[in-house]
Amino acid sequence: MAINASQFQYAVDALRRILPCEHPADVALSTFFRDNHKLGQQDRHFIAESVFAVLRRHAFLSAITAPNPTPKRLLVASLLRVRGLNVRELSTVLTEAEQKWAGELKALNPELTLAQRAELPEWAVEALQAGGMADEELLAVGRAMQHPAPLDVRVNTIKARRDDVLSELNHSGIEADLTPLSPFGIRFKGKPALQRHPLFLEGKVEVQDEGSQLLGLLLAPRRGEMVVDFCAGAGGKTLLLGALMASTGRLYALDISEKRLAKLKPRLARSGLSNVHPQLIASERDARIKRLAGKIDRVLVDAPCSGMGTLRRNPDLKLRQTPAGVANLNLTQAAILAAAAPLLKVGGRLVYATCSLLPSENEAIVEAFLAANPHFALLPANALLAEQRVEVDTGDYLRLTPALHNTDGFFAAALTRVA
């Protein structure tokens, strides 16, 4: 079947807009759709799929379209080599000379570096190798990142039981299954539109990657405790913590972004939780934080990071992120951890987490903090998760990868205040 010429041209135009990678791809694509508001749902689907397919395999596609990787050539290469179309199906959008080039493209197999095969920046590969990741594992992680992430939801245990939710979904013709690791998770076979589904509207499910759900179980807040989500953002993990606390105690959701906290409001209203207290703070040194010093049982620090563990969802990050940007984030991460730690009571638990695989954002931050703060100690993540009946053993630190766990790439360390 010949490809739709209009859809193809729109996809080229969208790539032309997005590929400088000056802005997040999803934001740039939303703007493109707003500027071309007459596009139908099928058109939008084709354009979005095309853009993200090019971003996911950008290194390979650039290599086979060298020395001139224009948006059009990248899209043609993606349709032929990644998405499996044949040249005949592109005859409506290619000139005779372009069809000849496209035919030759089918047979090209250039020598690729490890970074190109893994579809990761050279600097990120060097950082992972320096952190002890073997080339085979690195390649497996990189290849897993080249596939779209499955859609996971967390069942809100305040309002529903997981088995009942799964049964209702399957009964309504939506294919889904239980997540293998999280006791609250459901994974969909496809990508159903959930925003209008009664289960979503009633607050019985929230979209949340299974790996993100495990971070809440690592913190394991109890009923009646005082808990702080230090970088709450739009509140996905906040809502999980609130549910684990059975809507008792007091849960502070802190963030420096009014826009992010505003996104928490409708989610909080749907959730049925009454123990969550969102608070806008000026910085990690805000006076309101200092007033909580020594009073908190559990603290979650989901630190701002490079997002290099989320390339299944945000493949443009590998083109936008830089070593200098990561170095700046390292300063922020260290400052936030140093500011959050004094909130803990003696015997309290703090979980430091990122959605990155880079050692400089993970182990290096935690080890430097522990060296400077001998009154804190590392708790073994594997033992804490075993207590929650979660069968993941990556040692003292929690390290999740899409290759091994089919989650986003996550890192977490659990710390306790010993004196």
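Here's a quick rundown of the structure. Everything quoted here is computed from the prediction, not taken from an experiment. (Residues numbered from 1 in each chain as written. Predicted model: local features only at pLDDT ≥ 70, side-chain atom pairs only at ≥ 80, totals over all residues. Heavy atoms only, no water.)

## Considering the overall build of the protein chain
Right, on to step 1. Looking only at helices and strands, the protein chain has 20 helices and twelve strands in total.
Right, on to step 2. For the protein chain, the spread of C-alpha atoms along the three principal axes comes to 75 × 50 × 40 Å.
Right, on to step 3. Classification of the 419 residues of the protein chain by burial places 53% in the buried group.
Right, on to step 4. Considering only contacts within the protein chain whose residues lie at least 6 apart along the sequence, 71% involve residues at least 24 apart.
Right, on to step 5. Here the protein chain displays about 18900 Å² of accessible surface, and carbon together with sulfur accounts for 52% of that area.
Right, on to step 6. Distance between charge centroids for the protein chain: 6 Å, based on 50 positive and 44 negative side chains. (Helix = DSSP H or I, 4+ residues; strand = E, 2+ residues; numbered from the N terminus. Buried < 20%, exposed > 50% of the residue type's maximum accessible area, 1.4 Å probe, protein only. Contact = heavy atoms within 4.5 Å. Areas by Shrake-Rupley, 256 points an atom, 1.4 Å probe, with all protein chains shown as cover. Lys, Arg positive; Asp, Glu negative; His and termini not counted. Charge placed at Lys NZ, Arg CZ, Asp CG, Glu CD.)

## What to know about the nonpolar core
Right, on to step 1. Core analysis: the biggest nonpolar cluster contains 37 residues, and Leu29, Ile47, Val51, Val76, Leu79 and Leu90 have the highest contact counts within it.
Right, on to step 2. If you list the elements that add at least two residues to this core, you get helix H1 (5-18), helix H2 (25-35), helix H3 (41-56), helix H4 (58-64), helix H5 (71-82) and helix H6 (96-105).
Right, on to step 3. Contact partners of isoleucine 47, with chain neighbours within four places excluded, come to Gln7, Tyr10, Ala11, Ala14, Leu29, Phe32, Phe33 and Leu39.
Right, on to step 4. Ranked by size, the runner-up nonpolar core spans 33 residues in total, among them Met245, Leu268, Leu273 and Leu400. (Core = buried A, V, L, I, M, F, W, Y, C linked by side-chain atoms within 4.5 Å.)

## Some details on the packing of H1 against H5
Right, on to step 1. Where H1 contacts H5, the axes come no closer than 9 Å and their chain directions differ by 120°. On the basis of their axis angle, the class for H1 and H5 is oblique. Judged by the sense of rotation from one axis to the other, the crossing of H1 with H5 is right-handed. In this structure, H1 contributes Phe8, Ala11, Val12, Leu15 and Arg16 to the contact, and H5 contributes Pro71, Lys72, Leu75, Val76 and Leu79.
Right, on to step 2. Taken together, the residues that form the contact of H1 with H5 break down as eight nonpolar, no polar and two charged. (Axes fitted to C-alpha atoms, helices over the stretch in contact; angles between N-to-C directions. Parallel < 35°, antiparallel > 145°, perpendicular 65-115°, else oblique. Left-handed = near helix turned anticlockwise from the far one by under 90°. Nonpolar A, V, L, I, M, F, W, Y, C, P; charged D, E, K, R; others polar.)

## With respect to the sheet that holds strand E2 (residues 176-178)
Backbone hydrogen bonds are what pair the strands of a sheet, in a parallel or an antiparallel way.
Right, on to step 1. Read from one edge to the other, the open sheet built from four strands follows the order E2-E3-E1-E4, with strand pairing classed as antiparallel. Every interior strand has two partners, whereas the edge strands, E2 and strand E4 (205-207), have only one. Sheet twist, expressed as the mean angle between neighbouring strand axes with direction ignored, is 30°.
Right, on to step 2. Of the pairings in the sheet, the one linking strand E1 (residues 152-155) to strand E3 (residues 185-188) comprises three bridges and is antiparallel in character. Looking at E3, one finds that aspartate 152 is bridged to arginine 187. (Pairing = 2+ DSSP bridges.)

That's the geometry; what it means functionally is another story.
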